[in-house]
Amino acid sequence: MIYLDNNATTPVDPRVVEAMLPLLTERYGNPSSIHRAGAAAAAAVDGARASVAALIGARESEIVFTSGGTEADNAALRGVLAARPERRHLVITTVEHHAVIDLADALEREGVAEVTRVGVDGAGRLKLEEMEGAIRGDTALVSVMLANNETGVLMPVAAVAAMARRHGAKVHTDAVQALGKVRVNVDELGVDLLSLSGHKVFAPKGVGALYVRRGTPFRAMMLGGHQERDRRGGTQNTSGIAALGRACELAAERDRGEQERVRALRDRLEREVTARWPQARVIGGEAERLGNTSCVCFAGVEAEALLLMLSEAGICASSGAACSSGSLELSHVLKAMGVSPEVGQGEVRFSFGPQNRESDVDAVLEVLPRALRKLSVLNV
Ligand code: PLP
C-alpha cells in the first residue's frame, strides 16, 4: 500500500504506542482518584501536558485535553461566546474545516452569534483587507486556521491576531494540520486559543487538545466533572493523552531535513504531473503552503473514479469533491477559491508523510497515465 493521505490521518508511531500501553495495562487508575493508582495515571497526564505545552510554547495550565480537533474547535468557539455575552459577533474564513464552518452555521441558527465569513483569493490566500473590515467592536472571537487541510495553504494568523487585538477580540486558530509540519508557537502567533489533534501527528484518533491562554474568557462546553481545571468535564483518555504527549515530543525532535525531504517528494510529483498533463492544475501552488500537501485538479475527470482506480493500484489519496445525490459537489474550499466545477471535480489531494519514499512518487506517476486514459477525458 502506498499511503499518500497523511492529512486525513497518520499511522501511530511505534514509540507512541510504547508510551501509551502502560496506561492501559499497569497505570490504569483514574487520574482523579486520590490513591496511588490514580496518582500514577495523573502523573502521566501531567507529563503529557508538559510535552504538549512545550511544543507550542504554552504553559502547562493552558492545555485542555479533548477528544480531538473537532471538539477543540467546538469548545473554543462555544466556550468564548458563552463567556462573552456582551459580544455576539464571530468572524471565520470561508475555508475553515467543517468543525468550524458547520458550528458557525449552527451558532447563527441558534441565535448565539452573528457570523461574518471572510474570503480567500484564487490561490487560497486570506483577504486581509476584508478581514480588517470584518472585525468590529462587538467581535467576541476571530477563528482562522493556520494551514488548510485540503490545499495546505498557510494563513497569516499573526497579522489577523494583531488586527483582532485592536478591537478587543479574542483569536482562535485551528492548528490541526499545521502542527508538526511548520513551527507553531502561541506567542509568535499571538493567539488566545489553538486546536490540535493527535491522529494528524502520529498519535491515535480520539485525542486532541485546546490551548486556552491564561485569562481568556472561557466556559466549559462539556459539563459533569471538574477535570481539566473545570474546562472539560469527563474522565481523561489517559492512554490517548500519554500518546499525544509522546507524539509532541517526537515532533519537537524531528529535524528540518525530514520536512525538506517530504517537500522534495511533493514538489517532484507536482513538477512531473504538470509537465505531462498541462491540463492538471496545482491548487494553492502560488501561495505559501505546507510542504507535504498537493492538491491537484485533473480537469474534466471525476475525482471519485480516479481515486478508486488509484486505490485499486494500492495508492491511497483523497478528494474534497464528493458525489452527492448523483452530481459531483465541489468542496467548500475550492468553491471559496473560485475554482470552476469543470476543474474542481477532478480534485485529488496527495498528502505525504515521513514514511513516504521516491518509489511512492514513481508508483503514482506510473498508475496515473493508465487511469487517466481509462477515464479518457485528457489527451494521454
Ligand atoms: N481541523 C482540521 C484543519 C482538520 O484537518 C481536522 C481533521 O481532518 C480537524 C479539525 C478535526 O480533527 P479530528 O479528526 O481530531 O476531530
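Our subject is the structure that appears above.
The paragraphs below set out a description of the structure included in this document. Residue positions are given per chain, counted from 1 along the sequence in the order it is written. Under the rules for a predicted model, residues below a pLDDT of 70 receive no local features and side-chain atom pairs below 80 are neither given nor counted, while totals for whole chains, interfaces and linings still include all residues. Neither water nor hydrogens contribute to the side-chain values; these are computed over all heavy atoms in the structure.

**Side note on the nonpolar core**
Move 1: Core analysis: the largest hydrophobic core is formed by 64 residues, its most contacted members being Ile56, Met131 and Leu194.
Move 2: A run of DSSP states H or I qualifies as a helix once it reaches four residues; a run of E qualifies as a strand once it reaches two. Both are numbered from the N-terminal end. It is helix H9 (residues 238-253) that provides the largest number of residues to this core, a total of seven residues.
Move 3: Only heavy atoms enter the contact rule, under which two residues are in contact if any of them lie within 4.5 Å. Those residues in contact with Ile56 that sit more than four places away from it in its chain are Ile63, Leu179, Val184, Asn185, Val186, Leu194, Leu196 and Tyr211.
Move 4: Nonpolar cores are built from buried Ala, Val, Leu, Ile, Met, Phe, Trp, Tyr and Cys residues. Side-chain atoms within 4.5 Å join them into one set. Think of it in three bands: with a 1.4 Å probe and only protein chains considered, a residue is buried below 20% of the maximum accessible area for its type, exposed above 50%, and partly exposed in between. With 28 residues, the next largest nonpolar core counts Phe298, Met309, Leu310 and Val361 among its residues.

**Brief notes about the pairing of strand E10 (residues 293-298)**
Move 1: Of all six residues in E10, six are buried, a share of seventy percent or more.
Move 2: Residues Thr293, Cys295 and Cys297 of E10 are buried on one face, and the alternating residues Ser294, Val296 and Phe298, pointing to the opposite face, are buried as well.
Move 3: The criterion for strand pairing is that DSSP finds at least two bridges linking the strands in question. Sheet analysis places E10 next to strand E14 (residues 347-351), joined by five bridges and oriented antiparallel. Residue Thr293 lies in a different strand from E14, and its bridge partner there is Ser351.

**Topic: the packing of helix H2 (residues 36-56) against H9**
Move 1: Contact geometry of H2 with H9 gives a least axis separation of 8 Å together with a crossing angle of 35°. The two elements H2 and H9 cross, and the hand of that crossing is left-handed. Each of Ala41, Val45, Ala48, Ser51, Val52 and Leu55 in H2 lies in contact with H9, whose residues at this interface are Thr238, Ile241, Ala242, Leu244, Gly245, Cys248, Glu249, Ala251 and Ala252. Simply put, an axis is a line fit to the C-alpha atoms, just over the touching stretch for a helix, and the angle between two N-to-C directions goes from 0 to 180 degrees. With the far helix as reference, a near helix turned anticlockwise by less than a right angle produces a left-handed crossing, and one turned clockwise produces a right-handed crossing.

**What to know about the pattern of salt bridges**
Move 1: Take a side-chain nitrogen of Lys or Arg and a carboxyl oxygen of Asp or Glu: if they are within 4 Å of each other, that pair is a salt bridge. Taken as a whole and judged by the stated rule, the model has 27 salt bridges.
Move 2: For Arg166, the salt bridge identified is with Glu132, shortest N-O distance 3.2 Å. Residue Arg166 is located in helix H6 (residues 157-166), and its partner Glu132 is located in helix H5 (residues 128-134); the two are separated by 34 residues in the primary sequence.
Move 3: For Arg166, a relative accessible area of 58% corresponds to the exposed category.
Move 4: Here Glu132 falls in the partly exposed class, since its relative accessible area comes to 36%.

**What about the site of the ligand?**
Move 1: The environment of the ligand is formed by 13 residues, the closest being Gly69, Thr70, Asp174, Ser197 and Lys200.
Move 2: Under this definition, polar contacts are N or O atom pairs within 3.5 Å; protein pairs additionally need one hydrogen-donor-capable and one acceptor-capable atom, and for neighbouring residues in sequence, both atoms have to be side-chain atoms. Thr70 has a polar side-chain atom sitting 2.6 Å from an oxygen atom of the ligand.
Move 3: Here an oxygen atom of the ligand sits 2.8 Å away from a polar atom, N or O, in the side chain of His199.
Move 4: For the ligand, the protein covers 86% of the area, taking 390 Å² as the surface of the free molecule.
Move 5: Among the elements that line the shell around the ligand, the one with the most residues is helix H3 (residues 69-83), at three residues.
Move 6: Split by residue class, the shell around the ligand holds two nonpolar, eight polar and three charged. A single heavy atom is enough: if one lies within 4 Å of a molecule or strand, its residue is considered near that molecule or strand. Here, Shrake-Rupley sampling with a 1.4 Å probe gives the accessible areas, and only protein chains in the shown set may cover a residue. Each residue is assigned to one class: nonpolar for Ala, Val, Leu, Ile, Met, Phe, Trp, Tyr, Cys and Pro, charged for Asp, Glu, Lys and Arg, and polar for all the others, Gly among them.

**Focus on the packing of aromatic side chains**
Move 1: Stacked, tilted and edge-to-face pairs are distinguished by plane angle, under 30 degrees for stacked and over 60 for edge-to-face with tilted covering the rest, among Phe, Tyr and Trp rings (Trp via its six-membered ring) whose centres lie within 6.5 Å. Counted under the stated rule, the structure contains one aromatic pair.
Move 2: Ring plane angle 75° and centroid distance 6.3 Å describe the contact between Trp277 and Phe298, whose orientation is recorded as edge-to-face. You can see Trp277 sitting in the loop between helix H10 (256-276) and strand E9 (280-282) and its partner Phe298 sitting in strand E10, a full 21 residues away along the chain.
Move 3: Residue classification places Phe298 among the buried residues on the basis of a relative accessible area of 1%.

**Things to note about the sheet that holds strand E3 (residues 89-93)**
Move 1: Spatially, the seven strands line up as an open sheet ordered E2-E8-E7-E6-E5-E3-E4, and their pairing is mixed. Strands at the two margins of the open sheet, each flanked by one partner only, are strand E2 (63-66) and strand E4 (114-118). Averaged over all neighbouring strand pairs, the angle between strand axes comes to 20°, with direction disregarded.
Move 2: Across three bridges, the pairing between strand E6 (residues 170-174) and strand E7 (residues 193-197) is parallel. In the strand pairing of E7, His172 is matched with Leu193.

**Points about the layout of surface pockets**
Move 1: In this model, the largest pocket occupies a volume close to 660 Å³.
Move 2: Here a cavity denotes grid points, spaced 1 Å and computed from the protein atoms alone, that fit a 1.4 Å probe unable to get out, and a pocket denotes an open set having protein on both sides within 12 Å along at least 5 of 7 lines; residues with an atom within 4 Å of a point are the lining. Every residue lining the largest pocket is counted, 34 residues in all, and those nearest its centre are Gly180, Lys181, Val182, Arg183 and Gln259.
Move 3: At the level of elements, H2, H9 and H10 are the ones that each hand at least two residues to the lining of the largest pocket.
Move 4: The leading source of residues in the lining of the largest pocket is H10, at six residues.
Move 5: Residues belonging to the lining of the largest pocket are distributed by class as follows: 14 nonpolar, nine polar and eleven charged. Grid points are joined across faces, edges and corners, and a volume is the space filled by probe spheres set on the points.

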